[in-house]
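What the coordinates show
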Amino acid sequence: MPGRFLNIRLDGISVEDPERHPHMMAVKNCFIRGSVVRYVRMAAKSVDTTLLEDATRREAKEAKK
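Residues numbered from 1 in each chain as written. Predicted model: local features only at pLDDT ≥ 70, side-chain atom pairs only at ≥ 80, totals over all residues. Heavy atoms only, no water.

We now examine the confidence of the model for the protein. Scored by pLDDT, the protein comes out at a mean of 88, with 95% of its residues at no less than 70. Of all the helices and strands in the protein, helix H1 (residues 49–64) carries the lowest mean pLDDT, 90, while strand E2 (residues 29–32) carries the highest, 93. (pLDDT = per-residue confidence, 0-100. Helix = DSSP H or I, 4+ residues; strand = E, 2+ residues; numbered from the N terminus.)

What follows is about the pattern of salt bridges. This structure, assessed with the given rule, holds two salt bridges. The partner of Asp 54 in a salt bridge is Arg 57, with the nearest N and O atoms 3.3 Å apart. Note that Asp 54 and Arg 57 are positioned in helix H1 at a spacing of three residues, about one turn of the helix. (Salt bridge = Lys/Arg side-chain N within 4 Å of Asp/Glu carboxyl O.)

Rendered as structure tokens:
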């Protein structure tokens, strides 16, 4: 659906490569506008797949109405 984005707020961030990104060293929190997010990669153990599956089923059911 156009116009639906997932904005992301990150707290307690750290820089993995300070030589490449020295300007980010002082940043501890940031907000990422959803329209610029291409994908989000998360560790499998951090994702509740049952919750996602249930939400997907509910959304598909509502879309059929």
